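Structural characterization, general
Listed below are the residues making up each chain.
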Amino acid sequence: MNYEAFFTGHLDRLRDEGRYRVFAELERIVGAFPRARYHSAGAAPRDVTVWCSNDYLGMSQHPTVVKAMQDAIGAQGSGAGGTRNIAGTNTLHVALEDELAHLHEKEAALVFTSGYVANETTLATLGAMMPNCELYSDSFNHASMIAGIRHSGAVRKIFRHNDLAHLEQLLAAADPATPKVVAFESVYSMDGDISPIGEMCDLAHRYGALTYLDEVHAVGMYGERGAGVAERDGALAKVDIVQGTLAKAFGVVGGYIASTAATVDFIRSCGNGFIFSTSMPPAIAAAALASVRHVSAHPELRVRHQERAAALKSRLTSVGLPVMPSVSHIVPVSVGDAALCKQASDLLLDRHDIYVQPINYPTVPRGTERLRITPTPLHSDDDMTRLVSALQSVWQDLGLGKQAAAE
Ligand SMILES: *Cc1c(COP(=O)(O)O)cnc(C)c1O
């Protein structure tokens, strides 16, 4: 095998298809959010407006969060010192877990180094440890859930996206005695649609299944206290295991699950991705704790966030740009071709100082390539005016379709 030729050949094919990933190198500037300095090879750095960050509420730069992190570093240093089992459990991890359990109205919570690891570890552990377990997975589930489900070796059944009838058909055909887990998300982050959590859980419970809900794109942003869509919909108690991230609306890094004391203790005791990895630095836990508390206590952030998303959708629609139907804070604009999507993103950055990363296969199906725009409470009306006119100009330059995806 000529390894180098294999690797470069594969990369050439990605380039030919227009879906070779190019990272935009940013330097963030505290206090200037959503502005950041863009660095590109051979050119002077320049300020751009970021319109695609998952730092949904700008909390990564919030003075309370930054100060909590700085104070904890000053007091406790940089690293945690070990795995949770061997010298790496810190008072700040315990306080954060208590806060998260309280947020989701569960008995206990468990923090992981990322949301990806939380999903992968929890689903892999449930599927592998419960005899003859069957894992039911929404067809649009995130890669981290798919990885956990595959890794578990359990029987995997995929139901059509948000399709209760299909899920029921699969559950009805199964042996009532086998353990089952139904895994799904609340806000699907590429389309911005939202699952019927209460109905999904009721259905799963009728067939004796556990419910596992990824609220990564909803925690901090939905519900009176920011516990997610389950809180907004009055369905907190129906979700057996909720999973979230500390990296998106909470603006730091890390992931977690919350559930009954026994469930959490089981994953704590048996989940390899939890057990065999150094715990998150105390300062990260301190920042996450400060962020969760702040975001939870400030519902006006969520009101403003929704208002910004609605305003942007309405302004894009009014000029005929093909906003895809989204009922959440995510604003996807359809392009439908990988190369054109990349070109649109390049033009926005090069000519208009606006950064929106192209979203191509395999993140979304081929033919549904898009620009995924994420307005935050910190994007102003002026920012929106500049974005809308830049998009109009790019659509004109590339001869892109209008209203194509608006049904
Ligand atoms: C980002 C994401 C994750 C992973 O969370 P991280 O904390 O970034 O590792 C899990 N699920 C969904 C749906 C996501 O979009």
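Residues numbered from 1 in each chain as written. Predicted model: local features only at pLDDT ≥ 70, side-chain atom pairs only at ≥ 80, totals over all residues. Heavy atoms only, no water.

All chains considered together, the criterion is met by 25 salt bridges. D71 is the partner of K67 in a salt bridge, and the nearest nitrogen-oxygen pair spans 2.6 Å. Residue K67 and its partner D71 are located together in helix 2 (residues 63–76), separated by four residues, close to a single helical turn. What makes K67 partly exposed here is its relative accessible area of 47%. Judged by its relative accessible area of 42%, D71 is partly exposed. One connected set of salt bridges, linked through shared partners, spans R304, E307, R308 and D381. (Salt bridge = Lys/Arg side-chain N within 4 Å of Asp/Glu carboxyl O. Helix = DSSP H or I, 4+ residues; strand = E, 2+ residues; numbered from the N terminus. Buried < 20%, exposed > 50% of the residue type's maximum accessible area, 1.4 Å probe, protein only.)

What follows covers the packing of aromatic side chains. Per the stated rule, a full pass over the model turns up two aromatic pairs. With centroids separated by 5.8 Å and ring planes inclined at 70°, the aromatic side chains of F6 and F7 adopt a geometry described as edge-to-face. Looking at F6, the relative accessible area reads 45%, which means it is partly exposed. Aromatic side chains F112 and F274 sit 5.6 Å apart centroid to centroid with 70° between the ring planes, which places their arrangement in the edge-to-face category. Remark: F274 occurs in helix 10 (residues 272–275) and F112 occurs in strand 4 (residues 108–112); sequence separation between them is 162 residues. For F274, a relative accessible area of 8% puts it in the buried group. Above the plane of the ring of Y20 lies R15, whose end atom (NZ or CZ) is 4.1 Å from the centre. The ring of Y361 has R366 lying over it, and the distance from NZ or CZ to the ring centre is 4.0 Å. (Phe/Tyr/Trp six-rings, centres within 6.5 Å; stacked < 30°, edge-to-face > 60°. Lys NZ or Arg CZ within 6 Å of the ring centre and 35° of its normal.)

Where helix 12 (residues 299–318) meets helix 14 (residues 381–398), the axes come as close as 10 Å, and the angle between the chain directions of the two elements is 30°. Judged by the inter-axis angle, helix 12 sits roughly parallel to helix 14. Note that helix 12 runs across helix 14; the crossing there is right-handed. The residues of helix 14 that touch helix 12, namely those facing R308, A311, L312, R315 and L316, are D381, M384, T385, L387, V388 and L391. Of the residues assigned to the contact of helix 12 with helix 14, the class counts are seven nonpolar, one polar and three charged. (Axes fitted to C-alpha atoms, helices over the stretch in contact; angles between N-to-C directions. Parallel < 35°, antiparallel > 145°, perpendicular 65-115°, else oblique. Left-handed = near helix turned anticlockwise from the far one by under 90°. Contact = heavy atoms within 4.5 Å. Nonpolar A, V, L, I, M, F, W, Y, C, P; charged D, E, K, R; others polar.)

By size, the foremost hydrophobic cluster in this structure holds 58 residues, and its most contacted members are L96, L100, V182, F184, I197 and L246. Residue contributions to this core peak at nine residues, all from helix 11 (residues 282–297). In this structure F184 touches D138, N141, M145, F159, S195, I197, M200, C201, Y212, L213 and D214, once residues within four positions along its chain are discounted. (Core = buried A, V, L, I, M, F, W, Y, C linked by side-chain atoms within 4.5 Å.)

Burial along strand 2 (residues 35–39) is one-sided: the face carrying A36 and Y38 is buried and the face carrying R35, R37 and H39 is not. Across four bridges, the pairing between strand 1 (residues 25–28) and strand 2 is antiparallel. From the neighbouring strand, E27 faces strand 2, where its bridge partner is R37. Here strand 1 folds back onto strand 2 in antiparallel fashion, the turn holding six residues, of which G31 has a positive phi close to 95°. One ladder, built from four bridges, connects strand 2 with strand 3 (residues 46–50); its direction is antiparallel. The residue of strand 3 that forms the bridge with A36 is V48. Counted between consecutive antiparallel strands, the loop separating strand 2 from strand 3 contains six residues, among which G42 sits at a positive phi close to 75°. (Pairing = 2+ DSSP bridges.)

What follows concerns the environment of N141. Here N141 shows up in the loop between strand 5 (134–138) and helix 5 (143–152). With relative accessibility at 5%, the residue N141 sits in the buried group. For the pair formed by N141 and L26, sequence separation is 115 residues and the distance between their alpha carbons is 29 Å. With residues near it in sequence (within four places) discarded, N141 still touches I146, A183, F184, E185 and Y188.

Strands sit in the order 4-10-9-8-7-5-6 across an open sheet of seven strands; the sheet is mixed. For this open sheet the edge positions go to strand 4 and strand 6 (155–159), each flanked by a neighbour on one side alone. Neighbour-to-neighbour, the strand axes of the sheet open up by a mean angle of 20°, direction not taken into account. Relative to strand 10 (residues 255–259), strand 9 (residues 241–245) is paired through four bridges, and the arrangement is antiparallel. Looking at strand 10, one finds that G244 is bridged to Y256. On top of the sheet, helix 6 (residues 164–172) reaches strand 5, strand 6 and strand 7 (180–185); it is set at about 150° to strand 6, its chief contact.

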